[in-house]
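# Architecture at a glance
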Amino acid sequence: MIEVRGVGQRVDGGRRTLRDVSLTIGAGELVAIIGGSGAGKTTLLDAIAGVRPPAEGEVRHEAGGSLGYVPQDDIVHKELPLRRTLRYAAGLRLPAGTPPEDAERAVDDVLDALALTDRAGQRVGRLSGGERKRASIAVELLTRPRVFFLDEPTSGLDPATAADLMRLLRGLADAGTTVVMTTHHPPDVAVCDRVAVLAPDGRLAFYGPPEEALEEFGARAVDEIYLRLAGAAEADWDARFRRPGGEGTAEGTAPGPGVGALRQWALLTRRNLDLLTGNRLTLAVLAGSPVMVLAMFAVLFRPGAFAPESPSPGATVMILFWIAFGGFFFGLTYGLLQICTELPVLRRERLTGLRIGPYVLAKAAVLLPLLAVVDALTLGVLRGLDRLPAMGWRTYGELFATLLLCSVAALALGLLVSAAVTDPAQATMALPMLCFPQVLFVGAILPVPVMAAPGRWLSCAMSNRWAFEGLGHSLGVDRLWASGRSPLGPPLLASYGGTFSRAVAADWAILAGFAALFLAGTAAVLARRTRPPANGPSRRAGKPPNTAIKS
């Protein structure tokens, strides 16, 4: 049983969205929360579920077992087959030490219960809207929750599919699972045991059986209740509805041992690899971009720019810069869409105990080997085409380390931006804003020593600058320019000053510092965006959906 007592909620700025809501939900009941747009349906559901604890009042769960929560967004990756998606979900949600055969049995059970067995091998993105909604429910049913919360589960479904889904929820309730849902689809209400009607100002206008709701509002159908709500005065609600009484006590009990950080990292790394290889278009872009850039390098620069007998200082500067920028660009673009496309999934998994550290490091673990291959290929092809000089393995080892650290720092920056934006369109718009400063303030177009003071300070924040200077030091461009017969050598060298004289290890340390800083920033942003706020005077006002609560 769930008891809601005097719950109120506020949004940023102090505006009240819920006002003194009290109701009791019995065990095994199917309850719908309805009301006009902005009445606070999702806010009330989140408060009851503990996703966002209320600012006022308290919520008491007087039943044992775990809680499941299905938001309006899909909480499954669309790139993977359904069965594989559920396997990864089982690995993250089921208690540590669960035998593989038990986890597989849990997957089979939910597929059978939701009539998805024949779709188990289908990629989630190819499922119908109703099947994807059932797939999201399947993820939550893996832990056999005793209480189930759903935010508008029938939204966007055709009438027949919506009716099928409601029959499924009715069956779960009949089997003993308490189900609480929001809806704006009137036919859903008829299937429910009780309906909570929210007035436009966030007050509870009615709570009881659907047929009594129609009688209370003088309506022939649920649709008409919305018209009555819109026309009634706010002061009428307390007089028209008496809040249920009853008190109780509840205390939280610790959930079973969750999956450890190392295990989470391993599972997430495998899942990210599956997601990457499961999307052919993404693979084509990741593989095709370096090929196109290398082809442009080949037709842009002439061979022999680093020839000791007749070097081309201007060409060497541009070659070094574009190599460094290529490593930066690949790392940035690889990371830029990694997180923003799966924030709904991450938010739900965080409520089941997912740690941010393993999540972020798993992203880097999958993309780092790919970047290493691209960087090695870049250096190898440019050397084979005589765009880089013939030097020993040690020199090329330094070049590779510099370029890889440049890519890793850019990857971390891409992950940070991806964590901060709300959708892929914003991430794409951020790309030029991130790239232009890395072109202008690196020191290739205009040497850092001759920049204006603000430009010199800004250049220190450009990770690409340190990669550019590290590459130049390893190839000894200052000595090359000074010894060559090119008339541009000494004047150009003088304008760069001691740019390339610093030990390459110092550049490596700076690039590694950028990578660590950006990864830490990514983790901090995600922790803030996916953590349920702990606002309000009562810490007992809510528990995360994965927390078992007993009286």
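Now for a quick tour of the structure.

Parameters and conventions
- Residues numbered from 1 in each chain as written.
- Predicted model: local features only at pLDDT ≥ 70, side-chain atom pairs only at ≥ 80, totals over all residues.
- Heavy atoms only, no water.
- Patch = residues over 30% accessible without salt bridge, like charges linked within 9 Å, V, L, I, M, F, W, Y side chains within 5 Å.
- Areas by Shrake-Rupley, 256 points an atom, 1.4 Å probe, with all protein chains shown as cover.
- Salt bridge = Lys/Arg side-chain N within 4 Å of Asp/Glu carboxyl O.
- Helix = DSSP H or I, 4+ residues; strand = E, 2+ residues; numbered from the N terminus.
- Buried < 20%, exposed > 50% of the residue type's maximum accessible area, 1.4 Å probe, protein only.
- Pairing = 2+ DSSP bridges.
- Axes fitted to C-alpha atoms, helices over the stretch in contact; angles between N-to-C directions.
- Expected span 1.5 Å × (residues − 1).
- Polar contact = N/O pair within 3.5 Å; in protein donor to acceptor, adjacent residues only side chain to side chain.
- Contact = heavy atoms within 4.5 Å.
- Core = buried A, V, L, I, M, F, W, Y, C linked by side-chain atoms within 4.5 Å.
- Parallel < 35°, antiparallel > 145°, perpendicular 65-115°, else oblique.
- Nonpolar A, V, L, I, M, F, W, Y, C, P; charged D, E, K, R; others polar.

Let us look at a nonpolar patch on the surface. Side chains of M292, M296, V299 and L300 sit close together on the surface and give an oily, nonpolar patch of about 470 Å² of accessible area. Within the secondary structure, V299 is located in helix α10 (residues 280–300). Taking relative accessible area as the criterion, V299 reaches 72% and is therefore assigned exposed.

The strands making up a sheet associate through backbone hydrogen bonding, with each pair oriented either parallel or antiparallel. Taken in spatial order, the 3 strands of this open sheet run β2-β1-β4, and their pairing is antiparallel. Only two strands of the sheet have a single neighbouring strand rather than two, namely β2 (16–25) and β4 (56–61). Along the sheet, successive strands turn relative to each other by an average axial angle of 15°, direction set aside. Bridge count for strand β1 (residues 2–10) against β4 is 5 bridges, and the pairing is antiparallel. Of the residues in β4, the one forming a bridge with R5 is E58.

Looking now at helix α17 (residues 463–475). Between its terminal C-alpha atoms α17 stretches 19 Å, which fits the 18 Å expected from 13 residues at 1.5 Å a residue. Counting buried positions along α17 gives 12 out of 13 residues, so the element sits mostly inside the fold. Three or more residues of α17 are buried, namely S463, N464, R465, W466, A467, F468, E469, G470, L471, G472, S474 and L475. Just past α17, the residue G476 takes up positive phi, approximately 60°.

Along the chain, Q438 falls in helix α15 (residues 424–440). For Q438, a relative accessible area of 5% corresponds to the buried category. Within the structure, the side chain of Q438 is placed 3.1 Å from the backbone nitrogen of N464, a separation counted as a polar contact.

A few words on the environment of L169. Tracing the backbone through its elements, the reader meets L169 in helix α5 (residues 159–174). Judged by its relative accessible area of 0%, L169 falls in the buried class. L169 sits 19 residues away from L150 along the chain, and the two C-alpha atoms are 9.9 Å apart. Apart from residues no more than four positions distant in its own chain, L169 is found in contact with L30, I137, L150, P153, V179 and M181.

Let's shift gears to the pairing of strand β7 (residues 178–182). The side chains of a regular strand alternate, first on one face of the sheet and then on the other. In terms of burial, β7 is a largely internal element, 5 of the 5 residues being buried. Alternating positions in β7 separate into two faces, T178, V180 and T182 on one and V179 and M181 on the other, with burial throughout. Taken together, the 4 bridges between strand β3 (residues 30–35) and β7 define a ladder with parallel strand orientation. Considered in β7, the bridge of I33 is made with T182. Bridge count between strand β6 (residues 147–151) and β7: 5 bridges; the pairing is parallel. Bridging from a neighbouring strand, D151 pairs with T182 of β7.

This next bit is on the environment of L480. The topology assignment puts L480 in helix α18 (residues 477–483). Along the sequence, L480 and P308 sit 172 residues apart, while their C-alpha atoms lie 6.3 Å from each other. The residues contacting L480, other than those within four sequence positions of it, are F306, A307, P308, P311 and T316.

Burial runs high along strand β8 (residues 194–198): 4 of the 5 residues are buried. Inspection of the sheet shows β8 paired to strand β9 (residues 204–208) by 4 bridges, in the antiparallel sense. Residue pairing across strands places L198 opposite L204, the latter belonging to β9.

Residues F306, L388, F468 and L526 are the most contacted members of the largest nonpolar core, which totals 81 residues. Ignoring anything within four residues of it in the chain, the contact list for F468 reads V317, L320, F321, A324, V442, G443, A444, Y496 and F500. Counting 38 residues, the second-largest nonpolar core is a separate cluster that includes A32, I137, A138 and L141.

Helix-helix packing is described using two parameters, namely the angle between the two axes and the distance between the axes. It is the contact of helix α9 (residues 261–278) with α10, at a shortest axis distance of 5 Å, that shows an interaxial angle of 85°. Considered as vectors, α9 and α10 are oriented roughly perpendicular to each other. Every residue of α10 that contacts α9 at L276, T277 and G278 is listed here: R280, T282, L283 and L286. Of the residues belonging to the contact of α9 with α10, the class tally is 3 nonpolar, 3 polar and 1 charged.

Now for the pattern of salt bridges. Taken as a whole and judged by the stated rule, the model has 27 salt bridges. Here R60 makes a salt bridge to E58, at a shortest N to O gap of 2.3 Å. Overall, the relative accessible area of 10% leaves R60 in the buried class. Here D108 ties to R83 by a salt bridge, and the two come within 2.7 Å at their closest N and O atoms. Placement of the pair is D108 in helix α3 (residues 100–113) and R83 in helix α2 (residues 82–93), with a sequence separation of 25 residues.

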